[in-house]
Protein chains: 2
Amino acid sequence: MRNDNPQVAEASSTLSAKMRRGDLFAEKCPSRDVLKHVTSRWGVLVLVALLGGTHRFSDLRRKTAGVSERMLAQTLKWLEGDGFVARKAYPVVPPHVEYSLTPLGREVGLKVEALADWIEGNLPQIMAAQIPPES
Amino acid sequence: MRNDNPQVAEASSTLSAKMRRGDLFAEKCPSRDVLKHVTSRWGVLVLVALLGGTHRFSDLRRKTAGVSERMLAQTLKWLEGDGFVARKAYPVVPPHVEYSLTPLGREVGLKVEALADWIEGNLPQIMAAQIPPES
DNA sequence: GTAAGTACGCACATAAAGGTAAGTACCCAT
DNA sequence: ATGGGTACTTACCTTTATGTGCGTACTTAC
């Protein structure tokens, strides 16, 4: 068994086997961790970038202006750990690793992209509506 | 003028007036701050909760299991600052404040809700695909 | 030769996020 | 009169995220 958490709604008689869905409003629901990874500072960007196709580590690094190698690696591990990203390493001399989205990853990616797109497209209105930050 | 940032793509001759859209992949684009607020730990939950209608501060606090008053207040300020949340305070003796979404807020809220829903609905598959976290 | 690129892991350091506890000013139920 | 609820703020402290710099083991370009 992979996982088993009471915060995940289940309908079957056994607590373990069949949970139906998570509940983000529940304090310890594991869905909160998934959300955290997906909405992490670089998680969003990585998912959107990978929707555009397979990328190598340094391609992602260059595309995502501002990420440090450390955080990119960390973010990719989170996403890989959640089953959203697939990592394929070639045993060649100068390292060569390719990252791509899994079917599940493509699904979240689309949701995330929709949000990202909305923000990018509405930035003008948002900035117009913003009240200048105090500090 | 409210805002004026070179990272926001613009088409007009003047640098200031007409930007078209933000670019999350650009290092200093203000869209990243908006994204940060919206995807902050409690930001997502607050937006989703408010999609369900106006809420008072303590209603939100109770609904969002685990938030501290401090962070809820902070999150609401961020969202209010971005023009997504409207705050209405009644000058009554025991404080009474109501929070609701602005039209803009309702739009992002829907995007965020779509993501949240997807995660909640697919938690079972995600957990099945997860590789057990090391640390 | 020499520098740069590749995909990280590791140790160190800081900033930011988030939590805890206490205070405010006043009303209402017990 | 005593305690709880309301909406926060402020001070203080811990945790987490994220950044910086170094090392690696070679290869290719200059």
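It should be emphasised that the depicted structure is a prediction, and the values quoted were computed from it without experimental measurement.

Participant: Break down the interface of chain B and chain A for me, citing the residues and quoting the values.
Facilitator: Taken together, the contact pairs 60 residues of chain B with 59 residues of chain A. Together, the buried faces of chain B and chain A total about 5,400 Å²; carbon and sulfur atoms form 69% of this surface. Counting the contacts that link chain B with chain A gives 2 salt bridges. The closest approach of N and O atoms between Arg 21 of chain B and Glu 120 of chain A, which form a salt bridge, is 3.0 Å. At the boundary of chain B and chain A, one finds 12 residue pairs in polar contact (both at pLDDT 80 or more).

Participant: Can you lay out the packing of aromatic side chains for me, pointing to particular residues and giving the numbers?
Facilitator: For any pair of aromatic rings, the description rests on two quantities: the centre-to-centre distance and the angle between the ring planes. All chains considered together, the criterion is met by 2 aromatic pairs over all chains. Relative to Trp 118 of chain B, the ring of Phe 84 of chain A has its centre 6.2 Å away and its plane inclined at 55 degrees; by these criteria the two rings are tilted. Within this pair, whereas Phe 84 of chain A is found in the loop between α4 (69–81) and β4 (85–90), its partner Trp 118 of chain B is found in helix α5 (residues 103–129), the two belonging to separate chains. Of the two residues, Phe 84 of chain A and Trp 118 of chain B, both sit in the buried class.

Participant: Requested: an account of the packing of helix α5 (residues 103–129) of chain A against helix α1 (residues 31–38) of chain B, with residues and values cited.
Facilitator: Close contact between α5 of chain A and α1 of chain B brings their axes to 10 Å; oriented N to C, the two are set at 120 degrees. Put simply, α5 of chain A runs oblique to α1 of chain B. α1 of chain B is crossed by α5 of chain A, and the crossing has right-handed handedness. Residue-level contacts link Leu 115, Ile 119, Leu 123 and Ile 126 of chain A of α5 of chain A to Ser 31, Val 34, Leu 35 and Val 38 of chain B of α1 of chain B. Grouping the constituent residues of the contact of α5 of chain A with α1 of chain B by class yields 7 nonpolar, 1 polar and no charged.

Participant: So, the nonpolar core: which residues are in play, and what are the values?
Facilitator: One finds Val 38 and Phe 84 of chain A together with Val 38 and Phe 84 of chain B to be the most contacted residues of the largest nonpolar core, which totals 70 residues. Beyond its immediate stretch of four places on either side in the chain, Phe 84 of chain A contacts Val 34, Val 38, Leu 79, Ser 100, Leu 101, Thr 102, Leu 104, Gly 105 and Val 108 of chain A together with Trp 118 and Ile 126 of chain B.

Participant: Could you give an account of the relation of the copies chain B and chain A, with specific residues and numbers?
Facilitator: Of the transformation superimposing chain B on chain A, the axial component is 0.0 Å and the angular component is 180 degrees, with the fit at an RMSD of 0.0 Å. Look at the turn and shift together and you get a two-fold axis relating the two. Judged by C-alpha distance, Thr 39 of chain B is the residue of chain B that lies nearest the rotation axis, at 2.8 Å. When the interface residues of chain B are mapped onto chain A, 98% of them are again interface residues, pointing to one common binding face.

Participant: Mind laying out the protein's contact with DNA strand C, listing which residues take part and the relevant values?
Facilitator: Contacts to DNA strand C come from 22 residues, most closely from Ser 58, Glu 69, Arg 87 and Tyr 99 of chain A together with Arg 70 of chain B. Between Pro 95 of chain A and DNA strand C, the recorded distance is 3.0 Å, taken from a backbone N or O atom to a sugar or linking oxygen. Side-chain polar atom of Arg 70 of chain B to a base oxygen of DNA strand C: 2.5 Å apart, as the coordinates give it. Those elements that place two or more of their residues in the surface near DNA strand C are α3 (57–63), α4 and β5 (96–101) of chain A together with α2 (41–51) and α4 (69–81) of chain B.

What counts and how
- Residues numbered from 1 in each chain as written.
- Chains lettered and ligands numbered in written order.
- Predicted model: local features only at pLDDT ≥ 70, side-chain atom pairs only at ≥ 80, totals over all residues.
- Heavy atoms only, no water.
- Contact = heavy atoms within 4.5 Å.
- Buried area = accessible area lost by both parts, 1.4 Å probe.
- Salt bridge = Lys/Arg side-chain N within 4 Å of Asp/Glu carboxyl O.
- Polar contact = N/O pair within 3.5 Å; in protein donor to acceptor, adjacent residues only side chain to side chain.
- Phe/Tyr/Trp six-rings, centres within 6.5 Å; stacked < 30°, edge-to-face > 60°.
- Helix = DSSP H or I, 4+ residues; strand = E, 2+ residues; numbered from the N terminus.
- Buried < 20%, exposed > 50% of the residue type's maximum accessible area, 1.4 Å probe, protein only.
- Axes fitted to C-alpha atoms, helices over the stretch in contact; angles between N-to-C directions.
- Parallel < 35°, antiparallel > 145°, perpendicular 65-115°, else oblique.
- Left-handed = near helix turned anticlockwise from the far one by under 90°.
- Nonpolar A, V, L, I, M, F, W, Y, C, P; charged D, E, K, R; others polar.
- Core = buried A, V, L, I, M, F, W, Y, C linked by side-chain atoms within 4.5 Å.
- Least-squares fit on C-alpha atoms with pLDDT ≥ 70 in both.
- Near = heavy atom within 4 Å.

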